[in-house]
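# Reading the structure
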Amino acid sequence: MTVQVAHLTLDPPVFLAPLAGITDRPFRDLVSRFGAGLVVSEMVASQEMVQAKPGVRERAELGFGEATTSVQLAGREAHWMAEASRQVEASGATLIDINMGCPAKKVTSASGAGASGSALMKDLDHALTLIEAVVDAVDIPVTLKTRLGWDDDMLNAPELAKRAEDAGVQMITIHGRTRCQFYKGHADWAAIAAVKDVVSVPVIANGDITDSAKARAAIEASGADGVMVGRGAQGKPWLLAQIAAELFGAPAPEVPTGAALCEVVQGHYEAMLSFYGAELGLRVARKHLGWFMDGVGTGSVLRRQVLTSRDAVEVLALLPDALADQSNNNTKEEAA
């Protein structure tokens, strides 16, 4: 099973969601190596991008030229959205995604980033001016990511999706929550079916997809053409490949354990140090290291050593023990 977005074939239909501060270039590269049909950059504010005149570092971060990377743009003004889209296309991007789903207050507040993200669901006429501006500005495919609506009294994702399709959007991803839910409660995958019913372009289900069983349930409930995985991939960059193998017959990944896991994590750590520089990279890497250690049950003492060290060489030296089978170490620690 594949997803066709204009001339692009996305295979398998299991995609990595954009997550601020998480789905940077090193993490997207790691997920892609295990297997994903598409990875999406962190959300980029359109006006800030254009005014900053991005250089080599920003192009590397967004993954311009990568066939399986989509660059996600956000904004409130058609002019800046169009200009940023042209810049992204000129830099070699193959796909642009428009963010109308971010629930963060700094994005949706008028005093923040200009009432963008999911705040645009409160004004569909204005939202369409942004969509039309982006579609008209570029020749590459444009997609849309949004939520079910602003709140339970404004479940207008189907209307937005239909109008977006009519404007030229080639794929729509729906997070099965309203903006006012943020990430509380449970994603309503069945509600995504109302979007699938009114559009002919591919629809992707997002929200609470943390394993293959939930991915299958999301597709069955929504009728979606694929799934997008976000927080579930934290500490499990192979999760998308596992889902693709179990649901769509893609090659099964070899899930690393022990020394193999350590090699993966050390490689990711070194990639972050290289990308961000040693000082910032060490800090940015801590959340990822924490998630990997959560997965193996690293004892609290060793975990604290890894996460508080300010020496990259020391962290690399600690990781083999931190990522080894922790069952015996945890038993000893509890006894102590």
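Counting of residues starts from 1 at the beginning of each chain's written sequence and follows it residue by residue. Local features are withheld for residues below a pLDDT of 70 in this predicted model, meaning they are given only at 70 or higher, and side-chain atom pairs are given and counted only at 80 or more; totals for whole chains, interfaces and linings count all residues. For side-chain calculations, the full set of non-hydrogen atoms in the structure is used, while hydrogens and water are omitted.

### Digging into the overall build of the protein
Each helix corresponds to a stretch of at least 4 residues labelled H or I by DSSP, and each strand to a stretch of at least 2 residues labelled E; elements are numbered beginning at the N terminus. A tally of helices and strands in the protein yields 15 helices and eleven strands. All radius of gyration figures rest on C-alpha atoms, and the globule criterion is 2.2 Å times the number of residues raised to 0.38. For a compact globule of 336 residues, the expected C-alpha radius of gyration is about 20 Å, and the protein comes in at 20 Å, within 12% of that figure. Dimensions along the principal axes, computed over C-alpha positions, put the protein at roughly 65 × 45 × 35 Å. Every residue pair with non-hydrogen atoms within 4.5 Å of one another is taken to be in contact. By sequence separation, contacts in the protein at least 24 residues apart represent 67% of the contacts at least 6 residues apart. Charged side chains in the protein number 30 positive and 41 negative. The centres of these two groups are separated by 5 Å. Positive charges come from Lys and Arg, negative ones from Asp and Glu, while His and the chain ends are left out of the count. A charge is said to be at NZ when it belongs to Lys, at CZ for Arg, at CG for Asp and at CD for Glu.

### Section: the environment of A271
Within the element layout of this structure, A271 appears in helix 11 (residues 258–276). Using a 1.4 Å probe on the protein chains alone, a residue whose accessible area is under 20% of its type maximum counts as buried, one over 50% counts as exposed, and one in between counts as partly exposed. Exposure remark for A271: the relative accessible area of 33% places this residue in the partly exposed category. Here the alpha-carbon distance between A271 and P26, two residues 245 residues apart in the chain, equals 6.0 Å.

### Section: the packing of aromatic side chains
Any two of the Phe, Tyr and Trp rings considered here, Trp counted by its six-membered ring, make a pair once their centres fall within 6.5 Å; the pair's planes then place it as stacked at under 30 degrees, edge-to-face at over 60, or tilted in between. Under the definition given, this model contains two aromatic pairs. Measuring from ring centre to ring centre gives 5.8 Å for F34 and W238, while their planes differ by 70°; the resulting arrangement is edge-to-face. Of this pair, F34 sits in helix 1 (residues 25–34) while W238 sits in the loop between strand 11 (226–229) and helix 10 (239–248), and the two are 204 residues apart along the sequence. Between F275 and Y276 the ring centres are 4.9 Å apart and the planes differ by 90°, which places this aromatic pair in the edge-to-face class. We note that F275, like Y276, is buried. Above the face of the W150 ring, K122 is positioned so that its terminal group lies 4.1 Å from the ring centre. Sitting over a ring, as applied to charges here, requires NZ of Lys or CZ of Arg to be within 6 Å of the ring centre and within 35 degrees of the ring normal. Residue placement shows R147 over the ring face of Y183; its charged tip is 5.0 Å from the ring centre.

### A closer look at the pattern of salt bridges
Salt bridge, as applied in this entry: a Lys or Arg side-chain nitrogen positioned within 4 Å of an Asp or Glu carboxyl oxygen. This model, assessed by the stated rule, comprises twelve salt bridges. With a closest N to O distance of 2.7 Å, E83 and R86 form a salt bridge. Note that E83 and R86 are positioned in helix 4 (residues 78–90) at a spacing of three residues, about one turn of the helix. Of the residues examined, E83 reaches a relative accessible area of 30% and is grouped as partly exposed.

### Things to note about the nonpolar core
One recurring pattern in soluble globular proteins: nonpolar side chains tend to sit buried together. We define the nonpolar core as a collection of buried residues of types Ala, Val, Leu, Ile, Met, Phe, Trp, Tyr and Cys that are connected through side-chain atoms lying within 4.5 Å of one another. Among the nonpolar cores identified, the biggest contains 70 residues, and L73, M100, I131, L160 and I243 are the most heavily contacted of them. At nine residues, helix 6 (residues 124–137) tops the list of elements feeding residues into this core. Beyond its immediate stretch of four places on either side in the chain, I243 contacts V14, I209, D211, S212, A215, V227, V229 and F248. One finds C262, L273, A285 and A322 within the second-largest nonpolar core, a separate group that totals 26 residues.

### Focus on the confidence of the model for the protein
Reading fine detail from the predicted coordinates is not recommended where pLDDT is low. Put simply, the protein has an average pLDDT of 91, and 93% of its residues get 70 or more. Scored from 0 to 100, pLDDT records how confident the predictor is in each individual residue. Below a pLDDT of 50 lies the segment residues 330–336, which in the model reaches six contacts outside its immediate sequence neighbourhood of four places, other chains included.

### So, the side chain of N206
Looking at the element boundaries, N206 is found in strand 10 (residues 203–206). Given a relative accessible area of 5%, N206 falls into the buried group. Side-chain polar atoms of N206 contact the backbone oxygen of M228, separated by 2.9 Å. Not counting the four nearest positions on each side in its chain, N206 is found in contact with A17, K145, T173, I174, H175, G176, W189, I192, M228, V229 and G230. Each polar contact in these results corresponds to two N or O atoms within 3.5 Å; when the atoms are within protein, one needs to be able to donate a hydrogen and the other to accept it, and residues that are neighboring in sequence are counted only if both atoms are side-chain atoms.

### A word on the pairing of strand 11
The alternating pattern of strand 11 places G226 and M228 on one face and V227 and V229 on the opposite face, and all of these are buried. Note: two strands are recorded as paired if DSSP finds a minimum of 2 bridges between them. For strand 3 (residues 14–16) and strand 11, the ladder comprises three bridges, and the chain directions are parallel. Looking at the pairing, F15 lines up with M228 of strand 11. With three bridges joining them, strand 10 and strand 11 adopt parallel strand pairing. Each bridged residue has a counterpart across the sheet, and for I204 the counterpart in strand 11 is G226. Here the term right-handed applies to a crossover when the path leading from its first strand over the helix to its second strand runs clockwise, the strands being oriented away from the viewer. With helix 9 (residues 212–222) bridging strand 10 and the parallel strand 11, this β-α-β connection has right-handed handedness.

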